Structures are given as structure tokens and as C-alpha cells.
Amino acid sequence: MILKKVNILFFCLMVVVLSAFKYETGNGLERTTIKVISYNIWNGFDWGKDVNRKKAFISWVNKQKPDVLALQELCGYTHEKLLEEAKAWGHGYAEILKTDGYPVGITSSKPIEIKEKILENMHHGALHCKTAGIDFFVVHFSPFSYKKRLEEAKIILNRLSKLSSEESRYMILGDFNAVSPLDADLYKDKPTVVASMQESEKQHEHVRNLFNDQLEYGVLSTFLSFPLMDVTQKYTQGWDDRISFPTQVFEVEKGKGRSENSIRIDYILVSPILAKKCINATVANKEDTFYLSDHYPVVAEFSK
């Protein structure tokens, strides 16, 4: 009789524990973390023509099981197309900034509220949404001009400063096309990075990514001083861990190492409250993502 009562009490305790989990997983259980991925998918898989790369990408996302997926370069996508593909990795909700040029977008396992589609004075534009209790600003800044990126940064930070004091869970993520002062020491051992950018500016009048002929850190500094926290920097150790561009797709000898001109330009920047809840963050730049895009994805996971 006593054993039976103990078993009943144990069963009741397990029910209470399981009911505390709020985020559903694919097997019917629930989870206490939120996993976020940001990924530039390189011309929308060549405007949808690169079917094999898209299939490999979907397979990778399914293995990662993110709660929220922020995407850049959704070339050739519509809202309907993005939503249909989102279902392939278990997301029932999706939003896209626009249907021309190089759109950004977001998919989620939870309902998405569009706060604003930010297009005026932006190179590609930005999407402000709320899902899973977090405000997301998905960005893709100018690849050609640091001055334009500074303008875009001010626009986004102006929007961010207008969030109410209750909205303390927010993040800016995507392709910033800018290097970070937190990586400055790492670039000292990579002189070809600056040399290649100097050569590009000599060949192309519209390309002005250097400041005083050196790497420009002002764009990321603007965000970091807001303050926003670079969660990837905390959980990575060096250049090889952090680089997000380019991938192996441009290498002559496939799989034979990093390009000496590799840099980090993709980020997940979060509010101080979310930073305290971050339990892991990484640039997924290993073999399984070598050929999925010309960028590597950034992954971060947060406790509730």
C-alpha cells in the first residue's frame, strides 16, 4: 500500500515537472530554451534554381531544430513560398520584408507579429517582428559603403530606442557586412584581409568599405555601445571559430582550409537581459555548412 502511494506521488511530481516546460519540441515534449539561427542563403539558392543546395539546407535546419530562423537574401521568394518551405523545418509562421531585390525574412514555431517593414533609406531593408516573446530586427546592410552602413545602423537604433521599457527582450541579427572591434586583434595576423579590400576599392569606385585605408569598426561599435551584446564573441575563442564569410564554395581546392581573407560579418546582437540568458552561441562554420551558402549561419540558444 505504501509503495503504491509512493508511485502515485512520483507520477504526480513528473506531471508537474513536465508541465513547467513551455516550448514544444518535435516529439511532443517541451523545452525550456529558445534557439535562434541567422543565415544568409546566398541569392535565395540562386533564385530557386539550386535545388540540391536548398535540399541540403533544409536538412541541416531540421537537424538544428531552431525556434526562430532569420534569413537574408530571400531572392525570388514570396510570403507563400517562404511559409511553405518553413513547414519543411516545422515552422508554421513566416514573414518576408518584400518580394523584389534581396529581401530578409523570418520563420518561427510561434505566431509572428509584424511591427514594421523598414525600407526608407535602407540598402536592402530590415524587418522588425515579434515572436516567442522577443523583438527581432532582421537586417542586411550595404555591402559597398561603410558610410551607408552607419546610416542604416542609426535608423535601426532609433527604432530600438523607441521600444517601451517593458520590451527588454530584443535582438538585431543578420548580415551586417561590417567587422567588429571585438575581433580587431584577430585581424592583426591577417594582413591579406586589408590588402584584398584595398585592391577592391582601387578596382571599384562604388566600393568604400575601409576607413582611412584600414578596417572600419564604427558600425558594430555603434550597436555595442547602445548597449547590445555580441553573444557569439563570448562563446568563441579565435579567428577560426568566428569567421562567417566566405565559405568553401569559392575555394579552388574544396575542403582544404579557410580563405586567408575570411572575416566575421554576421552577428546576433542581443539586449543585456537576453545576454544573461544566453547559454551558447556559435558560428556554424564546420564541414556540414561548407557548401550551403557563401555565408555561415550564426546560432544562439537562450534559457527562458
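Residues numbered from 1 in each chain as written. Predicted model: local features only at pLDDT ≥ 70, side-chain atom pairs only at ≥ 80, totals over all residues. Heavy atoms only, no water.

Trainee: Summarise the pairing of strand β9 (residues 134–140); cite the residues concerned and give the values.
Mentor: Where burial is concerned, most of β9 is hidden: seven out of the seven residues are buried. By the alternation rule, side chains of β9 split into I134, F136, V138 and H140 and D135, F137 and V139, which are all buried. Turn length for the strand β8 (residues 126–131)-β9 hairpin, with the two strands adjacent in sequence and antiparallel, is two residues, and the turn residue A132 shows positive phi of about 55 degrees. As paired elements, β9 and strand β10 (residues 170–175) share six bridges and run parallel to each other. Each bridged residue has a counterpart across the sheet, and for H140 the counterpart in β10 is D175. With helix α5 (residues 146–161) bridging β9 and the parallel β10, this β-α-β connection has right-handed handedness. (Buried < 20%, exposed > 50% of the residue type's maximum accessible area, 1.4 Å probe, protein only. Helix = DSSP H or I, 4+ residues; strand = E, 2+ residues; numbered from the N terminus. Pairing = 2+ DSSP bridges. Right-handed = clockwise from strand over helix to strand, strands pointing away.)

Trainee: Account for the sheet that holds strand β4 (residues 68–72), naming residues and giving values.
Mentor: Spatial strand order, β5-β6-β4-β3-β14-β13: six strands in an open sheet with mixed pairing. The open sheet terminates on both sides in strands that have one partner only, identified here as β5 (93–96) and β13 (278–283). Here the average twist between neighbouring strands, direction ignored, is 10 degrees. Here five bridges tie β4 to strand β6 (residues 104–108), and the two strands are oriented antiparallel to one another. Across the sheet, residue A70 finds its bridge partner in β6, namely I106. Seen against the sheet, helix α3 (residues 51–64) touches β3 (33–40), β4 and β14 (298–303) and runs at an angle of roughly 160 degrees to β3. In the packing of helix α4 (residues 79–86) onto the sheet, contacts are made with β4, β5 and β6, and the angle to β5 comes to roughly 145 degrees. (Axes fitted to C-alpha atoms, helices over the stretch in contact; angles between N-to-C directions. Contact = heavy atoms within 4.5 Å.)

Trainee: If you had to explain the nonpolar core to someone new, which residues and values would you point to?
Mentor: Residues V36, M171, I268 and F302 are the most contacted members of the largest nonpolar core, which totals 26 residues. I268 has contacts with V36, S38, M171, I172, L173, M229, D230, V231, V298, V299 and A300, leaving out every residue within four places of it along the chain. (Core = buried A, V, L, I, M, F, W, Y, C linked by side-chain atoms within 4.5 Å.)

Trainee: Summarise helix α7 (residues 191–203); cite the residues concerned and give the values.
Mentor: With 13 residues, α7 ought to run about 18 Å at 1.5 Å a step, and its terminal C-alpha atoms sit 19 Å apart, in line with that. Within α7, the full set of buried residues consists of V193, V194, M197 and E201. Buried residues of α7, viewed axially, fall in a sector of 90 degrees; they line one side. Those residues of α7 that are exposed and aimed more than 90 degrees away from the buried face are P191, K202 and Q203. (Expected span 1.5 Å × (residues − 1). Arc of directions from axis to C-beta.)

Trainee: Quick rundown of the packing of aromatic side chains? Include the residues and the values.
Mentor: All told, the structure shown has twelve aromatic pairs when counted by the stated rule. Where W47 meets Y102, the ring centres are 6.2 Å apart and the plane angle is 75 degrees; that geometry is what we call edge-to-face. Pair noted here: W47 is in helix α2 (residues 42–47) and Y102 is in the loop between β5 and β6, with a separation of 55 residues, a long-range link. Judged by relative accessible area, W47 falls into the partly exposed class, the value being 41%. Put simply, the rings of Y39, F45, F57, W60 and W89 pair up and form one aromatic cluster. (Phe/Tyr/Trp six-rings, centres within 6.5 Å; stacked < 30°, edge-to-face > 60°.)

Trainee: Describe in detail α4, supporting the description with residues and values.
Mentor: Among the residues of α4, those classed as buried are L82, E85 and A86. Buried residues of α4 fall within an arc of 105 degrees about the axis and therefore sit on the same side. Exposed residues on α4 whose side chains face more than 90 degrees from its buried face are E80 and E84. Taken together, the buried residues of α4 touch α3, β4, β5 and β6.

Trainee: So what about unusual backbone geometry? Which residues, and what values?
Mentor: With an omega of 15 degrees, the peptide bond between F226 and P227 qualifies as cis. By the secondary structure assignment, P227 is in the loop between α8 (218–224) and β11 (229–230). Cis geometry marks the peptide bond from F245 to P246, where omega comes out at -10 degrees. Structurally, P246 can be placed in the loop between α10 (239–242) and β12 (266–270). For E73, which is not a glycine, the phi torsion comes out positive at approximately 65 degrees. Within the element layout of this structure, E73 appears in the loop between β4 and α4. Of note, the phi angle at N177 is positive, near 50 degrees, even though the residue is not glycine.

Trainee: Outline the pattern of salt bridges, supporting the account with residue identities and numerical values.
Mentor: This model, assessed by the stated rule, comprises 14 salt bridges. Between D50 and R53 there is a salt bridge, with its nearest N and O atoms 3.2 Å apart. Among the residues examined, R53 registers a relative accessible area of 6% and is labelled buried. Ionic pairing is found between E167 and K130, a salt bridge with its closest N-O pair at 3.9 Å. Pair noted here: E167 is in the loop between α5 and β10 and K130 is in strand β8, with a separation of 37 residues, a long-range link. The network of salt bridges with common partners includes K115, K130, D135 and E167. (Salt bridge = Lys/Arg side-chain N within 4 Å of Asp/Glu carboxyl O.)

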